[in-house]
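Chain by chain, the residues:
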Amino acid sequence: QVQLVESGGGLVQAGGSLRLSCAASGRTFSIYGMGWFRQAPGKERDFVAAIRRSGGSAYYADSAKGRFTISRDNPKNTVYLQMNSLQPEDTAVYYCAATRDIVTVTTASYDYWGQGTQVTVSS
């Protein structure tokens, strides 16, 4: 089992940047594929980005391509989401998630979730 704790959210102006971190407990972090999702008020939880166990391949939602970068540091048990050129529509609670299977864009594929971190982008 793994526990996930996100950090790095906050309030930023449009065009600004934030880097989210997700720290995982346990010594088997490298066996999990990792994903970032977000949920705005009144909306479903949507896929943002995912990265394979080795960190060799990453996948992005169309809304994140060219602006967001997912990365991981397995010795530090941490996955990151660098977000640039943020816009008000990026406002949401951001969640990291871990899967023992291959990474996908669907929430049902992930076994463990963090508690989320709020990102608010002002116009």
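Since we're looking at a predicted model, the values are computed, not measured.

Basis of the calculations
Residues numbered from 1 in each chain as written. Predicted model: local features only at pLDDT ≥ 70, side-chain atom pairs only at ≥ 80, totals over all residues. Heavy atoms only, no water. Buried < 20%, exposed > 50% of the residue type's maximum accessible area, 1.4 Å probe, protein only. Helix = DSSP H or I, 4+ residues; strand = E, 2+ residues; numbered from the N terminus. Pairing = 2+ DSSP bridges. Core = buried A, V, L, I, M, F, W, Y, C linked by side-chain atoms within 4.5 Å. Contact = heavy atoms within 4.5 Å. Axes fitted to C-alpha atoms, helices over the stretch in contact; angles between N-to-C directions. Polar contact = N/O pair within 3.5 Å; in protein donor to acceptor, adjacent residues only side chain to side chain.

A. A look at the pairing of strand 4 (residues 33-39). Judged by how many residues are buried, strand 4 sits mostly within the fold: six of seven residues are covered. Pairing geometry for strand 4 and strand 9 (residues 92-99), over seven bridges, is antiparallel. Directly across from G35, in strand 9, lies its bridge partner A97. Sheet topology note: the strand 4/strand 5 (residues 45-51) ladder contains six bridges and is antiparallel. Within strand 5, the residue paired with W36 across the bridge is A49. In this antiparallel pair of consecutive strands, strand 4 and strand 5, the connection spans five residues, and G42 shows a positive phi of 75°.

B. Spatial organisation of the nonpolar core. L4, M34, W36, L81, M83 and Y94 are the most contacted members of the largest nonpolar core, which totals 28 residues. Those residues in contact with L4, other than ones at most four positions away along the chain, are C22, A23, A24, M34, C96, A97, A98, Y112, W113, G114 and Q115. Formed by seven residues, the second largest nonpolar core is a distinct cluster that contains F37, A50, V103 and Y110.

C. Quick peek at the sheet that holds strand 7 (residues 68-73). The antiparallel open sheet is built from four strands, whose spatial order is 1-3-8-7. Since the sheet does not close on itself, it has two edges, and those belong to strand 1 (4-7) and strand 7, each with one partner. Across the sheet, the mean angle separating the axes of adjacent strands is 15° when strand polarity is ignored.

D. Seen up close, the environment of T78. Here T78 lies in strand 8 (residues 78-83). Once the C-alpha coordinates of T78 and A98 are considered, the two residues, 20 residues apart in sequence, prove to be 11 Å apart. At a separation of 2.8 Å, a polar atom in the side chain of T78 contacts the main-chain carbonyl oxygen of K76.

E. How the structure looks around the pairing of strand 7. Burial along strand 7 is one-sided: the face carrying F68, I70 and R72 is buried and the face carrying T69, S71 and D73 is not. Pairing analysis gives six bridges linking strand 7 to strand 8, with the strands arranged antiparallel. Along strand 8, the bridge assignment pairs T69 with Q82. Linking two consecutive strands that pair antiparallel, namely strand 7 and strand 8, is a turn of four residues; a positive phi of about 55° is found at N77 within it.

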